Amino acid sequence: GENVEQHPSTLSVQEGDSAVIKCTYSDSASNYFPWYKQELGKRPQLIIDIRSNVGEKKDQRIAVTLNKTAKHFSLHITETQPEDSAVYFCAASRSWGKLQFGAGTQVVVTP
Amino acid sequence: NAGVMQNPRHLVRRRGQEARLRCSPMKGHSHVYWYRQLPEEGLKFMVYLQKENIIDESGMPKERFSAEFPKEGPSILRIQQVVRGDSAAYFCASSPPRDQPQHFGDGTRLSIL
């Protein structure tokens, strides 16, 4: 089955700096890669996603890149703000089915 | 448009009792997924259902756990004879019929005394 590894487990950045979270996956048949943000005690919220036929996608301060050959995908947050502090999860799936999640990255943005 | 609705938000059970968790998908969504999140851990897939069908239950424990999504009404995740290790947050997600992202509910926090 699919195995998703996520690094780092914690990330502390100064406000205004960039944050990068990296994930690798094992199943070459995976073709959909979403990222979720979860604040303490809240639901996971979809922030961006990418399909395997696209190498990069951007939405304002958030971007995701995908390297299918290396089975890597990454989340980039630019100009970080305190409200970006949360746990971020990457995930992978085949054809929009069940999601296999990474272990999560706790991001702390300090003013 | 209401989001994915889960209830109860918090559920306390004693060991050996039954827990029933309910999930109403977003309007127009016919696919439901259940995930479990242990404290300070990631989300683990449990089961994927469509109306009256279990599509993938590869993440469900073999005993005590069952799920259904009837023709009418919410999806139900049922845990029989609960044990302390069942304490977790259980999240439901739903998606439309084809090729669309999953959206999550607020979860049910299950505590076992």
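Since we're looking at a predicted model, the values are computed, not measured. (Residues numbered from 1 in each chain as written. Chains lettered and ligands numbered in written order. Predicted model: local features only at pLDDT ≥ 70, side-chain atom pairs only at ≥ 80, totals over all residues. Heavy atoms only, no water.)

Novice: Where do I start with the sheet that holds strand 3 (residues 19–24) of chain B in this structure?
Specialist: Across a sheet, paired strands are connected by hydrogen bonds in the backbone, their directions being either parallel or antiparallel. Residues and elements named next belong to chain B. Pairing is antiparallel across the open sheet formed by four strands, whose spatial order is 1-3-8-7. Edge positions in the sheet fall to strand 1 (5–7) and strand 7 (65–68), since each of these pairs with one other strand and no more. On average, each strand axis in the sheet is tilted by 15 degrees relative to the strand beside it, whichever way the strands run. Sheet topology note: the strand 7/strand 8 (residues 75–79) ladder contains four bridges and is antiparallel. (Pairing = 2+ DSSP bridges. Helix = DSSP H or I, 4+ residues; strand = E, 2+ residues; numbered from the N terminus. Axes fitted to C-alpha atoms, helices over the stretch in contact; angles between N-to-C directions.)

Novice: What exactly am I supposed to notice about the state of the cysteines here?
Specialist: Formally, a disulfide is one covalent bond, and it connects the sulfur atom of one cysteine to the sulfur atom of another. Residue and element names in this part refer to chain B. Summed over all chains, the structure comprises two disulfides over all chains. The disulfide that involves C23 links it to C92, with 1.8 Å between the sulfurs. Handedness of the C23-C92 disulfide follows from its S-S torsion of about -55 degrees: it is left-handed. Pair noted here: C23 is in strand 3 and C92 is in strand 9 (residues 88–95), with a separation of 69 residues, a long-range link. For the pair C23 and C92, a shared accessibility class is recorded, and that class is buried. (Disulfide = S-S within 2.5 Å. Buried < 20%, exposed > 50% of the residue type's maximum accessible area, 1.4 Å probe, protein only.)

Novice: How should I be thinking about the pairing of strand 7 (residues 62–67) of chain A in this particular structure?
Specialist: Successive side chains on a regular strand alternate, one facing one side of the sheet and the next facing the other. Residues and elements named next belong to chain A. The pairing of strand 6 (residues 56–59) with strand 7 spans four bridges and is antiparallel. Bridge assignment links K57 to a residue of strand 7, and that residue is V64. The hairpin formed by strand 6 and strand 7 contains two residues between the paired strands, and Q60 there has a positive phi angle of roughly 60 degrees. Examined bridge by bridge, strand 7 and strand 8 (residues 72–77) share six bridges and lie antiparallel to one another. The residue of strand 8 that forms the bridge with N67 is H72. Adjacent in sequence and paired antiparallel, strand 7 and strand 8 are bridged by four residues, among which K71 carries a positive phi angle near 55 degrees.

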